[in-house]
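# Structural overview for review
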Amino acid sequence: MTKFVYDFAEGSKDLKDLLGGKGANLAEMTNMGLPVPPGFTITTEACKAYLSNGREPAELSAEVSEHLAALEVRMGKKLGQTDDPLLVSVRSGAKFSMPGMMETVLNVGLNDQSVRGLAAQSGNERFAFDSYRRLIQMFGKTVLDIDGDHFEHALDEAKTAKGTTNDLDLDAEDLRKLVETYKQVVVEYAGREFPQDPREQMDLAVRAVFESWNAPRAILYRRQERIPADLGTAVNICSMVFGNLSEDSGTGVAFTRDPASGAKGEYGDYLQNAQGEDVVAGIRNTLSLADLATLDKKSHDELMGIMAQLEEHYRDLCDIEFTIERGKLWMLQTRVGKRTAAAAFRIATQLIDEGLIDEMEALQRVTGAQLAQLMFPHFDDTAPHEKIAQGMNASPGAAVGKVVFDSYTAVKWSRSGEKVILVRRETNPDDLNGMIAAEGILTSRGGKTSHAAVVARGMGKTCVCGAEKLKVDTKARHFSTPDGKVYEEGTVISIDGTTGEVFLGEVPVVASPVVRYFEGEIDPESDEADDLVRAVHRIMRVADGGRSMAVRANADTDADAARARRFGAQGIGLCRTEHMFLGDRRSLVEALILADTDTERERQLAELLPLQREDFKGIFEAMDGLPVTIRLLDPPLHEFLPDITELSVRVAVAEARGEPREGDLRMLQAVHKLHEQNPMLGLRGVRLGLVIPGLFAMQARAILEAAAERVKAGGVPRVEIMVPLVGAVQEFESVKDDIIKVARDVRTETGAHLEFLVGTMIELPRAALTAGQIAESAEFFSFGTNDLTQTTWGFSRDDVEAAFFSHYLEKGIFGVSPFESLDREGVGALVRIAAEQGRATRPGLKLGVCGEHGGDPESVHFFNEVGLDYVSCSPFRVPVARLEAGRANRAPSTD
């Protein structure tokens, strides 16, 4: 029989799939002997069954009753009893951290009778009614789906009547009245009384947590973080400890190292006389852990010892939630903490030096996405700037945009092409859409552990929190500074998540030190290199030392090739020759297309030949000694011709004026002749080379003559000529025969010893399925995953991304766009088939990928599993691909 409920003492940190991250770690801390309030966890299996069937598993109620009874025996009190009641929290806990995206209900078990028992037992009537009003508010919003603003409005009215803005100034009588108001809100907006049965409260809260797994904000967060949708959440039932009991009570969140920078020290937030949600909500500005040491040194010192113990146990930065109840410390949660990209690299190398992890483990602690963040520009300190505010450096980066004050406007303006900064007093989970759309987030409340800070760090989004001197008025849609200046919505500001500074206007940016390191401008061993550059250098050495895949670059010019080589590229995986036919050479291509005779066509090809040769000479020089894969002309001819509509209008106007132009008429006839309904599936690639005699031969001659000149200059060109869009081996063989003939002539004419390979792109399903035949002639394959994705799915990328991809993502048909990360099940299957068939025919067949997926971290791991020899990506993504190729070679297979 399936077991759906586990006592905290029954689990461990290795059971995250079953108990969720929170439950597994509560179990781990319990077994470590740390002070954890007793409780139990309802498994993710129960959640999945509920979501699948619309009801709890039949056995669940009895199991919960059994564990609740055991908890009541252990605590010596019953749930919601009228005198000294047992109260519990009901909290979500998925395998992967989703901060604020799912539900929590505290103080479950309070009702009109037990609140008085709690008041008598604690000797603090104010505390009892504060706890009760919190329960009604959380339960109403979470379980009964009442708009939280109704409760907030009632609370604001109570404070206004008291003449205060601070919750703590409300006394017991104020809170008793507020409880009655909250109960009326429940009746008015939920159509029912607030439940007085403690078990009903708990069961409904559990059900609400299950359902919150599929709440819109949770779905959006999972999509953003690429968390699978089928995991479900666990539910943790934990006996309550109270940070809002007295002035010697409180609640806090702490990190064992700074999650923003990675520096060692005391980092965290603490609130006296508060419950846990108050800290992450950012409703009140917090105290530091150093302040806690002054207030309660015993609890502070115990907390520091536990933090050190947890970091050594988990061998990583830990994020901790704790509560102090009348001087007694309790641990409510721990997890491996989210961190910024800079912190990730610094902490990984620190832990190596401390002997907690080895280099291989350190490599798995960082990601290509984090490295890409470190390569973003930052503000130029030497540029003029006007500082208007200072907050906490919650998540680093440089963000510039127009101020907006709500999520809806952030999304709306972003979709119209505007860059925006979301400015709020504090964020909450409902702001997630706007946080994703914004370039950065600025809040006037909250600290480094607030909702805004935690979510922004997880997304790699620039964030400044707790700029408390800003007065943010979201209704009036402006914020003001202490000098009386008012900044309206639409004002451009710049926020520095590294320093916490806020500037008026757009501050210029400069290249990051990490990019300068990759460019070779900063020696990692020099004094100019900071600890971050040194950390990146160390990790990159580990990654490069164990890669089985090479990393090449997509580069079409000698400048791109040179930069790619500085960034660590081991060759060029895709040089697109079509880019060489644009600009001032376009007229030559037009003349080639319009040529009526062989003589005219040969003349135009002869004019293009030396230009192409010069293009390749520079690239071979920049990549001397490294392989250069050059793709023969691929796009349809219409891309080199005038737009048919514009040309038709020009011809019609000229004829109406009695001034017809022969050249325009000929061009219009050619454009009509070559017009295709779907040019991306028409006359392009290898078909173009077969239809226009001499075109591919001219390109091959230019490539090989440039290589011959490089040989004579003492260089070592490694030439790979790639035929695009091959669907049948016969197409490839015809073109290859022409290339071999050209090569024979060039060798004879130049006397140069030329070595080269002729291969093809695999970008059509038929090519993948007949790869064994094609490999009889082709000497290498390069997977063109952009076109392979289009032709496998039947998509026209330019059309479908705007037309319906957003709907597919919202409905969960896509977890991520198949053009962003490779579709393993469909396109990936074709890649695997082609690789296996190709190497079965030609052992040692060189295999690579040159689509945009070559720089996508998750796709790189798949290509490593399949056994490709290299990936190729844009020059700027080369370091990311190098890192991920190293990580992939040491990561467990996902198959």
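Here the structure is a predicted model, which means the values were calculated and not measured. (Residues numbered from 1 in each chain as written. Predicted model: local features only at pLDDT ≥ 70, side-chain atom pairs only at ≥ 80, totals over all residues. Heavy atoms only, no water.)

Looking now at the overall build of the chain. Helix and strand content of the chain: 36 helices and 30 strands. Within the chain, contacts between residues at least 6 apart in sequence are counted, and of these 68% link residues at least 24 apart. Carbon together with sulfur atoms contributes 48% to the accessible area of the chain, which is approximately 36,300 Å² in total. Positive and negative side-chain charges in the chain, numbering 101 and 138 respectively, have mean positions lying 1 Å apart. (Helix = DSSP H or I, 4+ residues; strand = E, 2+ residues; numbered from the N terminus. Contact = heavy atoms within 4.5 Å. Areas by Shrake-Rupley, 256 points an atom, 1.4 Å probe, with all protein chains shown as cover. Lys, Arg positive; Asp, Glu negative; His and termini not counted. Charge placed at Lys NZ, Arg CZ, Asp CG, Glu CD.)

We now examine the packing of helix α24 (residues 644-656) against helix α25 (residues 662-674). Between α24 and α25, whose axes approach to 10 Å, the crossing angle comes to 145°. At the point where α24 passes α25, the crossing takes the left-handed sense. Between α24 and α25, the contacting residues are Ile-644, Leu-647, Ser-648, Arg-650, Val-651 and Glu-655 on the first element and Asp-664, Leu-665, Met-667, Leu-668, Val-671 and His-672 on the second. Each residue belonging to the contact of α24 with α25 can be placed in one class, and the counts come to 7 nonpolar, 2 polar and 3 charged. (Axes fitted to C-alpha atoms, helices over the stretch in contact; angles between N-to-C directions. Left-handed = near helix turned anticlockwise from the far one by under 90°. Nonpolar A, V, L, I, M, F, W, Y, C, P; charged D, E, K, R; others polar.)

Note that strand β6 (residues 250-257) and strand β7 (residues 264-272) share 7 bridges and pair antiparallel. Its bridge partner being in β7, Ala-254 is matched across the sheet by Gly-268. The loop that links β6 with its antiparallel partner β7 comprises 6 residues; one of these, Gly-262, has a positive phi angle of about 95°. (Pairing = 2+ DSSP bridges.)

As enumerated under the stated definition, the model contains 19 aromatic pairs in all. Ring geometry for Tyr-517 versus Phe-518: centroids 4.9 Å apart, planes at 45°, classification tilted. Ring centres of Trp-793 and Phe-814 lie 5.4 Å apart, and the angle between their planes is 90°; this geometry places the pair in the edge-to-face category. One end of the pair, Trp-793, is in helix α31 (residues 785-793); the other, Phe-814, is in the loop between α33 (805-810) and α34 (827-841), with 21 residues separating them in the sequence. (Phe/Tyr/Trp six-rings, centres within 6.5 Å; stacked < 30°, edge-to-face > 60°.)

Turning to α31, its buried residues number three or more, namely Thr-785, Asp-787, Leu-788, Thr-789 and Gln-790. Looking one or two residues past α31, Gly-794 carries a phi angle of roughly 75°, positive in sign. (Buried < 20%, exposed > 50% of the residue type's maximum accessible area, 1.4 Å probe, protein only.)

A cluster of acidic residues, Asp-145, Asp-147, Asp-149 and Glu-152, forms a negative patch at the surface. Locating Asp-145 in the fold gives a position in the loop between α5 (125-142) and α6 (148-162). Residue classification places Asp-145 among the exposed residues on the basis of a relative accessible area of 70%. (Patch = residues over 30% accessible without salt bridge, like charges linked within 9 Å, V, L, I, M, F, W, Y side chains within 5 Å. Salt bridge = Lys/Arg side-chain N within 4 Å of Asp/Glu carboxyl O.)

What follows deals with the nonpolar core. Counting 131 residues, the largest nonpolar core has Phe-345 and Val-536 as its most contacted members. Val-115, Tyr-132, Val-179 and Phe-242 belong to the second largest nonpolar core, which has 58 residues in total. (Core = buried A, V, L, I, M, F, W, Y, C linked by side-chain atoms within 4.5 Å.)

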